[in-house]
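A structural walkthrough
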Amino acid sequence: MREGIIRCQLSENHADSVQEWIDGALTESAGVGAEWYILALAQQGGYDFSGYAQALSAYLAENEVNSASTRLKLALVQKCIGEDAEMPPDAIGQQGIMSEIFGLHLLHNGFVSETHTEEALVDAILSAQLADGGWALSGEVSDPDVTAMALQALAPHAGECGDAIERALQRLSALQREDGDFASYGVPNPESTAQVLIALVSLGRDPLTEADFIKNGNTLLDGIALYRLADGQFSHTRDGQANANATSQVFLALTAYETGQNPYILRETASTAPAVGYRLPVILVISGVGAIVCIVLLCRKNRSIKAILPVIVLTAGAAVFVGVTDFQSAEEYYQPDAPASGEVIGTVTLSIRCDTVAGKAAHIPENGIILEETALSICEGDTVFDALTQAVKARSIHMEYSGTPELAYVRGIGNLYEFDHGDLSGWVYHVNGASVSIGCGEYMLQDGDCIEWLYSCDLGKDAE
(Lines give C-alpha, C1' and ligand atoms only; values in the text may rest on other atoms or scores of the structure.)
Protein backbone atom coordinates (compact mmCIF):
# COMPACT_ATOMS: atom_id res chain seq x y z
CA MET A 1 0.00 0.00 0.00
CA ARG A 2 2.84 2.38 0.80
CA GLU A 3 4.44 1.79 -2.59
CA GLY A 4 1.09 2.49 -4.24
CA ILE A 5 0.93 5.90 -2.57
CA ILE A 6 4.45 6.75 -3.77
CA ARG A 7 3.68 5.61 -7.29
CA CYS A 8 0.53 7.72 -7.43
CA GLN A 9 2.23 10.81 -5.99
CA LEU A 10 5.08 10.58 -8.47
CA SER A 11 2.65 10.21 -11.34
CA GLU A 12 0.37 13.06 -10.26
CA ASN A 13 3.29 15.41 -9.66
CA HIS A 14 5.24 14.42 -12.79
CA ALA A 15 8.25 13.31 -10.75
CA ASP A 16 10.63 10.57 -11.78
CA SER A 17 11.93 9.90 -8.26
CA VAL A 18 11.08 10.45 -4.62
CA GLN A 19 13.77 13.14 -4.49
CA GLU A 20 12.06 15.02 -7.33
CA TRP A 21 8.77 14.72 -5.43
CA ILE A 22 10.43 16.21 -2.33
CA ASP A 23 12.07 19.03 -4.30
CA GLY A 24 8.87 19.74 -6.23
CA ALA A 25 5.38 19.21 -4.83
CA LEU A 26 6.36 18.66 -1.20
CA THR A 27 8.58 21.74 -1.13
CA GLU A 28 5.78 23.80 -2.68
CA SER A 29 3.47 22.58 0.10
CA ALA A 30 5.91 23.29 2.94
CA GLY A 31 3.96 24.29 6.02
CA VAL A 32 0.56 23.57 4.50
CA GLY A 33 0.26 19.85 3.87
CA ALA A 34 3.57 18.11 3.26
CA GLU A 35 4.52 17.47 6.86
CA TRP A 36 3.22 13.90 7.35
CA TYR A 37 5.08 12.84 4.22
CA ILE A 38 8.29 14.58 5.30
CA LEU A 39 8.19 12.95 8.76
CA ALA A 40 7.79 9.55 7.12
CA LEU A 41 10.49 10.04 4.49
CA ALA A 42 12.91 11.43 7.08
CA GLN A 43 12.47 8.26 9.16
CA GLN A 44 13.28 6.19 6.10
CA GLY A 45 16.39 8.29 5.46
CA GLY A 46 18.55 8.81 2.39
CA TYR A 47 16.99 12.00 1.00
CA ASP A 48 18.07 15.64 0.66
CA PHE A 49 15.57 17.96 2.36
CA SER A 50 17.51 21.19 1.93
CA GLY A 51 15.07 22.71 -0.58
CA TYR A 52 12.08 21.82 1.56
CA ALA A 53 13.86 23.19 4.66
CA GLN A 54 14.40 26.59 3.00
CA ALA A 55 10.77 26.68 1.88
CA LEU A 56 9.52 25.83 5.38
CA SER A 57 11.74 28.48 6.97
CA ALA A 58 10.42 31.04 4.49
CA TYR A 59 6.84 30.00 5.20
CA LEU A 60 7.33 30.43 8.95
CA ALA A 61 9.00 33.81 8.45
CA GLU A 62 6.21 35.12 6.22
CA ASN A 63 3.17 33.67 7.95
CA GLU A 64 1.71 33.81 11.42
CA VAL A 65 0.74 30.27 12.43
CA ASN A 66 -2.12 30.66 14.85
CA SER A 67 -2.45 27.04 15.85
CA ALA A 68 -0.12 26.19 18.73
CA SER A 69 -0.17 22.50 17.83
CA THR A 70 0.80 23.30 14.25
CA ARG A 71 3.70 25.50 15.39
CA LEU A 72 4.97 22.63 17.54
CA LYS A 73 4.55 20.12 14.73
CA LEU A 74 6.44 22.29 12.25
CA ALA A 75 9.31 22.69 14.72
CA LEU A 76 9.45 18.90 15.01
CA VAL A 77 9.56 18.57 11.23
CA GLN A 78 12.44 21.06 11.05
CA LYS A 79 14.34 19.02 13.61
CA CYS A 80 13.70 15.73 11.81
CA ILE A 81 15.34 17.02 8.61
CA GLY A 82 18.41 18.23 10.48
CA GLU A 83 17.56 21.92 10.76
CA ASP A 84 18.11 24.05 13.83
CA ALA A 85 14.79 24.68 15.51
CA GLU A 86 13.72 26.17 18.80
CA MET A 87 10.76 25.44 21.01
CA PRO A 88 7.94 27.75 19.85
CA PRO A 89 7.35 30.17 22.75
CA ASP A 90 4.06 29.98 24.65
CA ALA A 91 2.82 27.07 22.52
CA ILE A 92 2.73 24.14 24.94
CA GLY A 93 -0.65 23.90 26.61
CA GLN A 94 -2.14 26.79 24.64
CA GLN A 95 -4.37 24.52 22.58
CA GLY A 96 -5.38 21.89 25.08
CA ILE A 97 -4.35 18.26 24.92
CA MET A 98 -2.92 18.37 21.38
CA SER A 99 -0.43 21.11 22.20
CA GLU A 100 0.66 19.08 25.23
CA ILE A 101 1.09 15.97 23.08
CA PHE A 102 3.24 17.72 20.48
CA GLY A 103 5.10 19.57 23.22
CA LEU A 104 6.04 16.24 24.77
CA HIS A 105 7.23 15.00 21.36
CA LEU A 106 9.56 18.00 21.14
CA LEU A 107 10.97 17.45 24.63
CA HIS A 108 11.62 13.80 23.75
CA ASN A 109 13.77 15.03 20.87
CA GLY A 110 16.05 17.42 22.69
CA PHE A 111 14.03 20.64 22.66
CA VAL A 112 14.17 22.76 25.80
CA SER A 113 11.18 24.49 27.33
CA GLU A 114 11.47 27.23 29.94
CA THR A 115 8.00 26.43 31.26
CA HIS A 116 7.52 22.66 30.97
CA THR A 117 9.39 19.43 31.69
CA GLU A 118 8.73 15.97 30.30
CA GLU A 119 7.49 14.83 33.70
CA ALA A 120 5.07 17.75 33.98
CA LEU A 121 3.64 17.11 30.51
CA VAL A 122 3.27 13.39 31.18
CA ASP A 123 1.34 14.25 34.35
CA ALA A 124 -0.80 16.77 32.44
CA ILE A 125 -1.71 14.24 29.76
CA LEU A 126 -2.46 11.55 32.33
CA SER A 127 -4.65 13.91 34.31
CA ALA A 128 -6.72 14.53 31.16
CA GLN A 129 -7.48 10.82 30.72
CA LEU A 130 -11.23 10.30 30.75
CA ALA A 131 -13.18 7.86 32.87
CA ASP A 132 -13.68 5.55 29.88
CA GLY A 133 -9.88 5.23 29.46
CA GLY A 134 -9.27 7.46 26.47
CA TRP A 135 -8.75 11.10 25.61
CA ALA A 136 -10.74 13.69 23.66
CA LEU A 137 -10.47 17.33 22.67
CA SER A 138 -13.57 18.03 24.77
CA GLY A 139 -16.39 16.22 26.48
CA GLU A 140 -16.43 12.99 28.44
CA VAL A 141 -16.42 10.47 25.56
CA SER A 142 -13.00 9.49 24.21
CA ASP A 143 -12.02 9.91 20.57
CA PRO A 144 -9.81 7.29 18.88
CA ASP A 145 -7.56 9.85 17.15
CA VAL A 146 -6.77 11.81 20.29
CA THR A 147 -6.43 8.64 22.36
CA ALA A 148 -3.99 7.12 19.87
CA MET A 149 -1.94 10.31 19.63
CA ALA A 150 -1.76 10.56 23.42
CA LEU A 151 -0.41 7.00 23.50
CA GLN A 152 2.20 7.89 20.86
CA ALA A 153 3.50 10.66 23.12
CA LEU A 154 3.38 8.52 26.26
CA ALA A 155 5.12 5.55 24.64
CA PRO A 156 8.65 6.56 25.79
CA HIS A 157 7.26 6.66 29.34
CA ALA A 158 5.45 3.31 29.17
CA GLY A 159 7.30 2.03 32.22
CA GLU A 160 5.95 4.89 34.33
CA CYS A 161 2.33 4.90 33.20
CA GLY A 162 1.62 1.33 32.19
CA ASP A 163 -1.81 1.17 33.85
CA ALA A 164 -3.04 4.28 32.04
CA ILE A 165 -1.74 2.93 28.73
CA GLU A 166 -3.49 -0.42 29.22
CA ARG A 167 -6.77 1.33 30.01
CA ALA A 168 -6.43 3.38 26.84
CA LEU A 169 -5.67 0.30 24.75
CA GLN A 170 -8.74 -1.44 26.15
CA ARG A 171 -10.83 1.58 25.20
CA LEU A 172 -9.42 1.64 21.67
CA SER A 173 -10.08 -2.08 21.32
CA ALA A 174 -13.69 -1.49 22.32
CA LEU A 175 -14.01 1.30 19.74
CA GLN A 176 -12.63 -0.77 16.86
CA ARG A 177 -15.25 -1.76 14.30
CA GLU A 178 -15.82 -5.26 12.95
CA ASP A 179 -14.14 -4.31 9.66
CA GLY A 180 -10.95 -3.44 11.55
CA ASP A 181 -11.31 0.34 11.17
CA PHE A 182 -12.32 3.16 13.51
CA ALA A 183 -14.85 5.98 13.45
CA SER A 184 -14.30 9.51 14.73
CA TYR A 185 -17.35 11.62 15.56
CA GLY A 186 -19.50 8.90 14.04
CA VAL A 187 -17.64 8.80 10.69
CA PRO A 188 -15.60 5.68 9.86
CA ASN A 189 -12.29 6.77 8.33
CA PRO A 190 -8.72 5.58 7.68
CA GLU A 191 -7.00 8.45 9.53
CA SER A 192 -8.23 7.23 12.92
CA THR A 193 -7.15 3.69 12.10
CA ALA A 194 -3.73 4.95 10.96
CA GLN A 195 -3.21 6.77 14.26
CA VAL A 196 -4.07 3.65 16.25
CA LEU A 197 -1.60 1.63 14.16
CA ILE A 198 1.13 4.20 14.89
CA ALA A 199 0.29 4.01 18.60
CA LEU A 200 0.69 0.23 18.70
CA VAL A 201 3.99 0.35 16.80
CA SER A 202 5.22 3.11 19.13
CA LEU A 203 4.42 0.90 22.11
CA GLY A 204 6.29 -2.02 20.61
CA ARG A 205 3.09 -3.97 19.92
CA ASP A 206 2.54 -5.96 16.75
CA PRO A 207 -0.64 -4.52 15.20
CA LEU A 208 -1.22 -7.68 13.19
CA THR A 209 -1.07 -10.19 16.02
CA GLU A 210 -2.40 -8.13 18.94
CA ALA A 211 -5.56 -10.12 19.61
CA ASP A 212 -7.47 -7.15 21.02
CA PHE A 213 -7.10 -5.37 17.68
CA ILE A 214 -8.33 -8.14 15.40
CA LYS A 215 -12.08 -7.98 14.94
CA ASN A 216 -13.93 -10.62 12.97
CA GLY A 217 -10.57 -11.66 11.50
CA ASN A 218 -9.79 -8.11 10.36
CA THR A 219 -6.62 -6.28 11.41
CA LEU A 220 -5.88 -2.56 11.40
CA LEU A 221 -4.30 -2.91 7.96
CA ASP A 222 -7.49 -4.53 6.71
CA GLY A 223 -9.40 -1.57 8.10
CA ILE A 224 -7.13 0.91 6.35
CA ALA A 225 -7.33 -1.00 3.06
CA LEU A 226 -11.10 -0.43 2.95
CA TYR A 227 -10.43 3.17 1.94
CA ARG A 228 -7.82 2.50 -0.70
CA LEU A 229 -8.65 3.73 -4.21
CA ALA A 230 -7.63 2.15 -7.49
CA ASP A 231 -4.83 4.70 -8.04
CA GLY A 232 -3.25 3.98 -4.63
CA GLN A 233 -4.60 7.02 -2.77
CA PHE A 234 -7.06 6.88 0.13
CA SER A 235 -10.46 8.41 0.69
CA HIS A 236 -11.75 9.83 3.96
CA THR A 237 -14.96 7.80 3.73
CA ARG A 238 -15.85 4.48 2.14
CA ASP A 239 -16.27 4.86 -1.64
CA GLY A 240 -15.34 8.54 -1.41
CA GLN A 241 -12.94 10.68 -3.41
CA ALA A 242 -9.19 10.84 -2.91
CA ASN A 243 -8.34 12.78 0.24
CA ALA A 244 -4.89 14.32 0.71
CA ASN A 245 -4.98 14.23 4.51
CA ALA A 246 -6.14 10.62 4.62
CA THR A 247 -3.47 9.53 2.15
CA SER A 248 -0.62 11.30 3.94
CA GLN A 249 -1.60 10.00 7.39
CA VAL A 250 -1.88 6.47 6.05
CA PHE A 251 1.57 6.90 4.47
CA LEU A 252 3.04 7.88 7.87
CA ALA A 253 1.37 4.88 9.51
CA LEU A 254 2.57 2.43 6.87
CA THR A 255 6.11 3.78 7.20
CA ALA A 256 5.95 3.30 10.98
CA TYR A 257 4.68 -0.22 10.39
CA GLU A 258 7.51 -1.06 7.96
CA THR A 259 10.29 0.47 10.07
CA GLY A 260 8.86 -0.61 13.43
CA GLN A 261 9.63 2.85 14.82
CA ASN A 262 7.71 5.60 16.57
CA PRO A 263 7.80 8.31 13.85
CA TYR A 264 7.95 11.03 16.50
CA ILE A 265 11.17 9.74 18.03
CA LEU A 266 13.55 11.13 15.47
CA ARG A 267 16.29 8.92 14.10
CA GLU A 268 19.13 11.02 15.43
CA THR A 269 17.83 10.86 19.01
CA ALA A 270 16.56 7.29 19.08
CA SER A 271 18.17 4.95 21.57
CA THR A 272 20.97 2.81 20.19
CA ALA A 273 21.83 0.97 23.41
CA PRO A 274 23.11 -2.51 22.60
CA ALA A 275 21.47 -5.59 23.98
CA VAL A 276 23.17 -7.14 27.00
CA GLY A 277 23.06 -10.89 26.28
CA TYR A 278 26.52 -12.39 26.68
CA ARG A 279 28.13 -8.95 26.90
CA LEU A 280 27.64 -8.21 30.61
CA PRO A 281 29.44 -11.33 31.88
CA VAL A 282 32.35 -10.74 29.48
CA ILE A 283 32.60 -7.07 30.45
CA LEU A 284 32.63 -8.06 34.14
CA VAL A 285 35.45 -10.54 33.49
CA ILE A 286 37.48 -7.92 31.61
CA SER A 287 36.94 -5.40 34.42
CA GLY A 288 37.94 -8.00 37.01
CA VAL A 289 41.16 -8.85 35.19
CA GLY A 290 41.99 -5.16 34.88
CA ALA A 291 41.39 -4.65 38.59
CA ILE A 292 43.60 -7.62 39.50
CA VAL A 293 46.46 -6.28 37.35
CA CYS A 294 46.17 -2.87 39.03
CA ILE A 295 46.23 -4.51 42.48
CA VAL A 296 49.32 -6.54 41.55
CA LEU A 297 51.08 -3.37 40.41
CA LEU A 298 50.18 -1.64 43.67
CA CYS A 299 51.38 -4.61 45.74
CA ARG A 300 54.71 -4.41 43.98
CA LYS A 301 54.85 -0.84 45.20
CA ASN A 302 54.66 0.40 41.66
CA ARG A 303 52.30 3.23 42.51
CA SER A 304 53.18 5.33 39.49
CA ILE A 305 50.10 6.50 37.61
CA LYS A 306 52.09 5.95 34.42
CA ALA A 307 52.17 2.22 35.15
CA ILE A 308 48.50 1.86 36.08
CA LEU A 309 46.95 4.23 33.50
CA PRO A 310 47.64 1.98 30.45
CA VAL A 311 45.92 -0.91 32.23
CA ILE A 312 42.87 1.23 32.92
CA VAL A 313 42.75 2.47 29.34
CA LEU A 314 43.11 -1.03 27.87
CA THR A 315 40.46 -2.43 30.22
CA ALA A 316 38.00 0.32 29.37
CA GLY A 317 38.67 -0.03 25.63
CA ALA A 318 38.15 -3.80 25.72
CA ALA A 319 34.90 -3.39 27.67
CA VAL A 320 33.56 -0.85 25.16
CA PHE A 321 34.54 -3.07 22.24
CA VAL A 322 32.65 -6.03 23.68
CA GLY A 323 29.68 -3.80 24.49
CA VAL A 324 29.17 -2.59 20.94
CA THR A 325 30.23 -5.65 18.93
CA ASP A 326 27.96 -8.54 18.04
CA PHE A 327 30.09 -11.69 17.91
CA GLN A 328 28.63 -14.38 15.70
CA SER A 329 30.42 -16.72 13.35
CA ALA A 330 29.26 -17.34 9.81
CA GLU A 331 28.57 -20.94 10.79
CA GLU A 332 26.35 -19.78 13.66
CA TYR A 333 24.34 -17.42 11.47
CA TYR A 334 24.11 -19.35 8.22
CA GLN A 335 22.38 -22.42 9.46
CA PRO A 336 18.76 -23.50 9.15
CA ASP A 337 16.57 -22.31 11.96
CA ALA A 338 15.34 -24.90 14.42
CA PRO A 339 12.21 -26.61 13.12
CA ALA A 340 9.09 -24.66 13.91
CA SER A 341 6.85 -26.11 16.58
CA GLY A 342 3.93 -28.02 15.22
CA GLU A 343 3.39 -30.41 12.39
CA VAL A 344 4.53 -29.77 8.86
CA ILE A 345 1.44 -28.80 6.87
CA GLY A 346 2.92 -28.84 3.41
CA THR A 347 5.55 -27.59 1.00
CA VAL A 348 6.08 -24.28 -0.79
CA THR A 349 8.58 -23.20 -3.41
CA LEU A 350 10.69 -20.06 -3.19
CA SER A 351 12.94 -18.33 -5.68
CA ILE A 352 14.95 -15.08 -5.61
CA ARG A 353 15.60 -13.23 -8.87
CA CYS A 354 17.03 -9.89 -9.93
CA ASP A 355 16.48 -10.00 -13.71
CA THR A 356 15.92 -6.23 -13.85
CA VAL A 357 19.57 -5.57 -12.94
CA ALA A 358 21.20 -8.83 -14.01
CA GLY A 359 24.95 -8.47 -14.51
CA LYS A 360 25.03 -4.74 -13.75
CA ALA A 361 27.60 -5.23 -10.98
CA ALA A 362 30.16 -7.87 -10.09
CA HIS A 363 28.08 -9.24 -7.21
CA ILE A 364 24.87 -9.47 -9.28
CA PRO A 365 24.41 -12.79 -11.13
CA GLU A 366 24.57 -12.56 -14.91
CA ASN A 367 21.46 -14.72 -15.25
CA GLY A 368 19.56 -12.80 -12.59
CA ILE A 369 19.09 -15.87 -10.37
CA ILE A 370 20.14 -15.54 -6.73
CA LEU A 371 18.20 -18.65 -5.71
CA GLU A 372 16.57 -21.07 -8.09
CA GLU A 373 13.10 -22.37 -7.28
CA THR A 374 13.57 -24.35 -4.07
CA ALA A 375 11.15 -26.50 -2.10
CA LEU A 376 10.66 -25.69 1.59
CA SER A 377 8.59 -27.38 4.28
CA ILE A 378 6.21 -25.14 6.23
CA CYS A 379 4.35 -25.44 9.51
CA GLU A 380 1.08 -23.90 10.61
CA GLY A 381 1.44 -20.11 10.87
CA ASP A 382 4.62 -19.81 8.78
CA THR A 383 4.84 -16.62 6.73
CA VAL A 384 6.60 -15.55 3.56
CA PHE A 385 9.29 -13.97 5.75
CA ASP A 386 9.76 -17.23 7.65
CA ALA A 387 10.27 -19.08 4.36
CA LEU A 388 12.75 -16.47 3.10
CA THR A 389 14.74 -16.58 6.35
CA GLN A 390 14.84 -20.38 6.24
CA ALA A 391 16.03 -20.39 2.63
CA VAL A 392 18.79 -17.77 2.89
CA LYS A 393 20.26 -19.08 6.12
CA ALA A 394 20.40 -22.66 4.85
CA ARG A 395 22.21 -21.53 1.68
CA SER A 396 24.46 -18.77 3.09
CA ILE A 397 22.71 -16.02 1.13
CA HIS A 398 23.00 -12.51 2.53
CA MET A 399 19.72 -10.90 3.68
CA GLU A 400 19.00 -7.78 5.74
CA TYR A 401 15.70 -6.50 7.06
CA SER A 402 14.38 -3.88 9.46
CA GLY A 403 11.65 -4.16 12.08
CA THR A 404 10.51 -7.26 13.90
CA PRO A 405 9.91 -10.52 11.98
CA GLU A 406 6.19 -9.80 12.06
CA LEU A 407 6.74 -6.30 10.67
CA ALA A 408 9.79 -7.15 8.58
CA TYR A 409 10.80 -4.93 5.68
CA VAL A 410 13.42 -6.62 3.51
CA ARG A 411 16.11 -4.10 2.60
CA GLY A 412 18.67 -6.28 0.88
CA ILE A 413 19.22 -9.79 -0.47
CA GLY A 414 22.48 -11.04 -1.99
CA ASN A 415 24.09 -7.67 -1.19
CA LEU A 416 21.56 -6.01 -3.50
CA TYR A 417 19.75 -3.27 -1.59
CA GLU A 418 16.79 -0.97 -2.01
CA PHE A 419 17.74 2.30 -3.78
CA ASP A 420 20.87 0.69 -5.32
CA HIS A 421 19.31 1.27 -8.75
CA GLY A 422 17.18 4.37 -8.21
CA ASP A 423 14.70 5.78 -5.71
CA LEU A 424 12.03 3.31 -6.79
CA SER A 425 14.19 0.21 -6.55
CA GLY A 426 13.85 -2.51 -3.94
CA TRP A 427 12.61 -6.01 -3.20
CA VAL A 428 9.02 -7.12 -3.74
CA TYR A 429 7.43 -10.54 -3.49
CA HIS A 430 4.73 -12.41 -5.37
CA VAL A 431 2.72 -15.39 -4.24
CA ASN A 432 1.31 -17.66 -6.92
CA GLY A 433 2.22 -15.12 -9.58
CA ALA A 434 0.45 -12.14 -8.01
CA SER A 435 1.78 -9.15 -6.08
CA VAL A 436 0.68 -8.87 -2.46
CA SER A 437 -0.23 -5.66 -0.62
CA ILE A 438 0.57 -6.84 2.91
CA GLY A 439 3.93 -7.31 4.57
CA CYS A 440 5.89 -10.52 4.12
CA GLY A 441 5.78 -11.10 7.87
CA GLU A 442 1.99 -11.26 7.89
CA TYR A 443 1.25 -13.34 4.77
CA MET A 444 0.41 -16.84 6.04
CA LEU A 445 1.50 -19.61 3.71
CA GLN A 446 -0.51 -22.58 2.51
CA ASP A 447 0.57 -25.87 1.04
CA GLY A 448 1.58 -25.49 -2.61
CA ASP A 449 2.21 -21.72 -2.56
CA CYS A 450 4.83 -20.44 -5.00
CA ILE A 451 6.86 -17.50 -3.59
CA GLU A 452 8.96 -15.26 -5.82
CA TRP A 453 11.23 -12.54 -4.46
CA LEU A 454 11.95 -10.06 -7.25
CA TYR A 455 14.16 -6.99 -7.43
CA SER A 456 12.26 -4.08 -8.97
CA CYS A 457 13.50 -0.74 -10.25
CA ASP A 458 10.01 0.74 -10.48
CA LEU A 459 8.04 -0.06 -7.29
CA GLY A 460 7.16 -3.51 -8.59
CA LYS A 461 5.70 -2.47 -11.96
CA ASP A 462 8.62 -4.03 -13.86
CA ALA A 463 8.23 -7.27 -11.91
CA GLU A 464 4.59 -7.89 -12.79
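A few points on the structure. (Residues numbered from 1 in each chain as written. Predicted model: local features only at pLDDT ≥ 70, side-chain atom pairs only at ≥ 80, totals over all residues. Heavy atoms only, no water.)

Paired through their backbone hydrogen bonds, the strands of a sheet run either parallel or antiparallel. The strand order β5-β6-β7 describes an open sheet built from 3 strands, whose pairing is antiparallel. Looking along the sheet, the strands with just one partner apiece sit at the ends: β5 (399-402) and β7 (416-417). Here β5 runs beside strand β6 (residues 409-413); their pairing, made up of 4 bridges, is antiparallel. Directly across from E400, in β6, lies its bridge partner G412. Sitting on the sheet, helix α16 (residues 384-394) touches β5 and β6, and the angle it makes with β5 is about 150°. (Pairing = 2+ DSSP bridges. Helix = DSSP H or I, 4+ residues; strand = E, 2+ residues; numbered from the N terminus. Contact = heavy atoms within 4.5 Å. Axes fitted to C-alpha atoms, helices over the stretch in contact; angles between N-to-C directions.)

Let's shift gears to the environment of L72. Looking at the secondary structure, you find L72 in helix α5 (residues 68-80). Residue L72 is classed as buried on the basis of its relative accessible area of 0%. A C-alpha to C-alpha distance of 9.5 Å links L72 and E86, two positions 14 residues apart in sequence. L72 has contacts with M87, P88, A91, I92, S99, F102, G103 and L106, leaving out every residue within four places of it along the chain. (Buried < 20%, exposed > 50% of the residue type's maximum accessible area, 1.4 Å probe, protein only.)

Ranked by size, the top nonpolar core spans 91 residues in total, and within it W21, I38, L41, W135 and L151 carry the most contacts. When residues in this core are grouped by element, the largest group, 8 residues, is from helix α12 (residues 244-259). In this structure, C354, V384, W427 and Y455 belong to the second largest nonpolar core, which totals 30 residues. (Core = buried A, V, L, I, M, F, W, Y, C linked by side-chain atoms within 4.5 Å.)

Quick look at the pairing of strand β8 (residues 426-431) now. With 5 of 6 residues buried, β8 is to be regarded as a mostly interior element. Sheet topology note: the β8/strand β10 (residues 450-456) ladder contains 6 bridges and is antiparallel. Considered in β10, the bridge of H430 is made with E452. Hairpin connection of β8 to strand β9 (residues 434-435): 2 residues between the antiparallel strands, including N432 at a positive phi of 55°.

Under the criterion given, the structure shown has 8 salt bridges. Between D179 and R238 there is a salt bridge, with the nearest N and O atoms lying 3.6 Å from each other. Taken together, the positions of D179 in the loop between α9 (162-175) and β1 (182-184) and R238 in the loop between α11 (220-225) and α12 put the pair 59 residues apart, joining distant regions of the chain. Overall, the relative accessible area of 40% leaves R238 in the partly exposed class. (Salt bridge = Lys/Arg side-chain N within 4 Å of Asp/Glu carboxyl O.)

In short, shape yes, function no, at least from these values alone.
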